[in-house]
Structure formats: C-alpha cells, structure tokens
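What follows is the residue order along each chain.
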Amino acid sequence: MLELSRADLHVSISDPAATSMNFLNEIAGRYPDAISLAAGRPYDGFYSVEDVARYQQSYVDHLRGRGLGEQQVRGLLLQYGRTNGQLGELIARMLEIDEGITVPPESVMVTAGCQEAMIIALRALCAGPDDVVLVAEPCYVGLTGAARILGVEVAPVPETPDGLAPETVAEVARQVRAAGKRPRALYLVPNFSNPSGVSLPVATRRRLLDVAAEQDLLLLEDDPYGLFGLDDEPRPTLKSLDTGGRVIYLGSFAKSCFPGARVGFLVADQTVVGEEGKRTLLADEMSAVKSMLTVNTSPISQAVIGGVLVESGCSLRTANRDKLAFYRNNLRTLLAALEEHFPQPGRGELGVRWNVPSGGFFAVVDVPFQADEKLLERSAEQFGVLWTPMSFFYTDGGHHAIRLSCSYLEAEQIAEGVRRLSRLVTENA
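Residues numbered from 1 in each chain as written. Predicted model: local features only at pLDDT ≥ 70, side-chain atom pairs only at ≥ 80, totals over all residues. Heavy atoms only, no water.

**Q** I tried to follow the domain arrangement of the protein on my own but got confused; where do I start?
**A** Buried accessible area, meaning the area lost when the parts come together, often serves as the stated size of an interface. Assigned domains of the protein: these are domain 1 (7–45 + 321–428) and domain 2 (53–319). For domain 1 and domain 2, the distance between their C-alpha centres works out to 27 Å. Counting residues at the interface gives 30 residues for domain 1 and 31 residues for domain 2. Regarding the contact of domain 1 and domain 2, the summed buried area is about 2600 Å², with carbon and sulfur atoms giving 59% of it. At the junction of domain 1 and domain 2, the tally comes to one salt bridge. For the pair domain 1 and domain 2, the interface holds 13 residue pairs in polar contact (both at pLDDT 80 or more). The set of elements that each furnish at least two residues to the side of domain 1 that touches domain 2 consists of helix 1 (16–30), helix 13 (321–341) and strand 12 (362–366). (Domains from an automatic or database assignment. Contact = heavy atoms within 4.5 Å. Buried area = accessible area lost by both parts, 1.4 Å probe. Salt bridge = Lys/Arg side-chain N within 4 Å of Asp/Glu carboxyl O. Polar contact = N/O pair within 3.5 Å; in protein donor to acceptor, adjacent residues only side chain to side chain. Helix = DSSP H or I, 4+ residues; strand = E, 2+ residues; numbered from the N terminus.)

Here's what the structure looks like:
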C-alpha cells in the first residue's frame, strides 16, 4: 500500500492546537474515572431524544401556519434548500428580542456549527497573503485552527486581566501595517471568553468600536456564552452598539440548545459594492464560500432549532432559564471550592491565584509550576482529575496556568474535582 510522508501534508495536520486537543480527548478516554474539569461541553441532563421530534414538529406546524402546503414543507425539510438557510427571520427576531440587535433577515447565514461561520468569514475577508487577522490572546483554538487551515496569518493581541485593551489592538494593527501587511479583522469573545472567562466592560466595547473605525478593522464578535451571566446585568453586544457596520456577529446554538444539532450562524449586514456599482449584502456574497463547503446547512437540523425558537417565542433567554440557573450555580460552586481548598494565607505561599468571572463556563488558575501535557497525564492517573493547560490557547505562553470548566458536571463533582486538584497543586508546589 502507498505510504505518504507527513511532511508532504498540509501544516494544519500537525497544528499544535489541534494535536493538543486530540491529546486531551485521548487522556479522557484512557482515564474514564477521572473527573473532567477540562470539558467545555454543555450539561447532558437538559436533553432528551424525544425533544428532537417535538421541536421538528413545532417547526413544521409553524410552516403550515404560514400557509405553506405539504409539498413546500417537504421540500424545505428534505431538499438541499437555500445556501444561507431558512431560519433568517426567526434568528433575526431572536437577536432583536434577546440582544437588541436589529438586522434584516437576509443578512443572517445559517451555518453547520459556528466553526463553519468562522471559516467562511476568514475566507471571505482575507483575500490575499498579506491580509492578517488579529486575535485576542489567549484565543479559542477553533479560530486559530481555521486560520491555519486557510493559510491566514494571525497576529495575537495579549489580553490584560480586565480583557482586551483597545489601545493594544491599535498598536498591533500599526505593527502589522509597518510590516507591509493589512490588518483585516479582529476576532474576540467579549462575553465570558473561552478560555479566560473575561468579559469586557461597556466602555471598553465602545472604545473598541472607535479603534476598529480608526484602524479600518472589522470585528468578528463570537458570542456563545452571552446568555450565561451570574446576574441579570445587561451586557450589550458589540453588534448592538455598532453604528458603523464594523461588526460581523457569530452565533451558536450548541450551548443554548444542544451541540448535536450542529447549527450556528453569522450576521453580515455590511454592504458590498461591485465593479458596476451594484450593492449586495456581505452575507449574500459569503454564500459563494458556503456553497463550496457544505452546500447548505442540514434542513432537518435547522427544523430542530427552528422548533426551539418557535416554542420560546424567539427568545433563547426564555428557553434557557433552567440552564442559566444550573450554570450559575456551577460557576459559584467552582469559585467557592477554590476558596475552600486554597484558603488564605496559604494560597499566597503556594503561589496560586485565579480570576473570578462574572459568568460563562470557565475560570483560569495560575500555578507555581509548569502545567503541561506530562503533568496533565499524571494528574489524571494519580489524582483522578483533568484540566486544560492554558498553553493550548497561546502562540507562546500560559505555561503556568490551567483552565477549569464547570459546565459539564454537577455541583458535587465540581467540588470533588477541585479537592483532587488541590492535592496535585500542593504536591507539586
């Protein structure tokens, strides 16, 4: 049989971020009894198989209620369908109700998970080898992995403990320009970021929009965790504050509904002017990219998400009340367990500290030793607990920090996981 050299394959095959995440999955498989404070997936307990058929039926009833005949309904569910999807009106209504974002339904593209939305946005915006995407660092590996696959250069913008600093964004953009390249866009998660858990203050968001205009940047706003704050304080999205058309909004139904549907979306309501002066929406132009990736997002999956939106009156905040209470309790449990097992003043002597996110699924713990893959394996084998090295989310950094996730477990498991983690930290410190 033919043998291929790994050196002849694309660099994304051996991308450090992808191989690191594969390693994490392998460790979890080898030590199934270890408590995983690494998995960022949503909690299983809110889902049932029966929900799938019910949501689909709710969406079918919605279509019939709009006057569609059986042949039309069958075509919408079982044929290829419109490249940009059929949920534009429902998603636009949801964004207006939940986030105060007003956009035309035609500017919404339904994607096969938010990962596809990232790939489409990067491919459409980065037209040449000199186009560079800025990313908040530490950065979600899905974005950097997508850029690696596409051959798009990434320039990291280091976060502060309070999140991304707009003036640092401007400085990195100037550095990219000075190197003869074009800073094209900035990717960030302003609400309870993965992995840092940081959320940007409103004043910072407004200043970031000003910097985007000054530096001629588009902002790729990824918002998978915006629903899950510890309180009901409004956190306006960048898109809702945007008056200059700088923000492309990326969304996902993985956390708010369930991951198995594999449905995400992007909102690109910017105007594109053609050579002959014809004006179109950026979302329509992006459809050419999507048509060469997945042709269209599964209409059956769209029907499931459509049913969720119909049943909730197009409000994910309404649909997620029980989940919100659960995730709030889990995050509070995680932070309380850290306080219990790393009390003052011994915490300072150990060299341990952590941030206190105001929502989301993650917290970051600084430790006085190198938190690498070798230690992670020993943690799983000897202490029965998994976590994620923060170095996975940096180009070069995060070597003395770990990410803890509180979404997938029940409160008692989180508390026990932190107890086990404290034994690991004490021994290694």
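Structure's up, so let's keep going.
**Q** How should the sheet that holds strand 8 (residues 264–267) be read in this particular structure?
**A** Hydrogen bonds along the backbone pair up the strands of a sheet, which may run parallel or antiparallel. Across the sheet, which stays open at both edges, the seven strands sit in the order 2-8-7-6-5-3-4 with mixed pairing between neighbours. Looking at strand neighbours, the two that pair on one side only are strand 2 (108–111) and strand 4 (153–158), the edges of this open sheet. Along the sheet, successive strands turn relative to each other by an average axial angle of 20 degrees, direction set aside. Sitting on the sheet, helix 10 (residues 282–291) is in contact with strand 2, strand 7 (247–252) and strand 8, with an inclination near 25 degrees to strand 2. (Pairing = 2+ DSSP bridges. Axes fitted to C-alpha atoms, helices over the stretch in contact; angles between N-to-C directions.)

**Q** For this particular structure, what's the right way to read empty space enclosed by the protein?
**A** All told, the structure shown has three cavities of 30 Å³ or more when counted by the stated rule. The calculated volume of the largest cavity comes to roughly 140 Å³. Lining the largest cavity are 16 residues, with Glu-99, Asp-223, Leu-227, Tyr-249 and Leu-316 positioned closest to its centre. Those elements giving two or more residues to the lining of the largest cavity turn out to be helix 4 (88–99) and strand 7. Tallying contributions element by element places helix 4 first for the lining of the largest cavity, with four residues. Its residues placed into classes, the lining of the largest cavity shows nine nonpolar, four polar and three charged. There is about 50 Å³ of room inside the second largest cavity. Around the second largest cavity, the lining residues are Ala-136, Glu-159, Gly-163, Leu-164, Leu-188, Val-189, Pro-190, Ser-193, Val-198 and Leu-200. Here the residues of the lining of the second largest cavity are counted per class, giving seven nonpolar, two polar and one charged. (1 Å grid on protein atoms, 1.4 Å probe; cavity = no way out; pocket = protein on both sides within 12 Å on 5 of 7 lines; lining within 4 Å. Points joined across faces, edges and corners; volume = space filled by probe spheres on them. Nonpolar A, V, L, I, M, F, W, Y, C, P; charged D, E, K, R; others polar.)

**Q** What exactly am I supposed to notice about the sheet that holds strand 11 (residues 353–354) here?
**A** Pairing within the open sheet is antiparallel, and its four strands lie in the order 11-12-15-14. Two strands bound the open sheet, and with one partner strand each, they are strand 11 and strand 14 (388–389). Examined bridge by bridge, strand 14 and strand 15 (residues 401–405) share two bridges and lie antiparallel to one another. Of the residues in strand 15, the one forming a bridge with Thr-388 is Arg-403.

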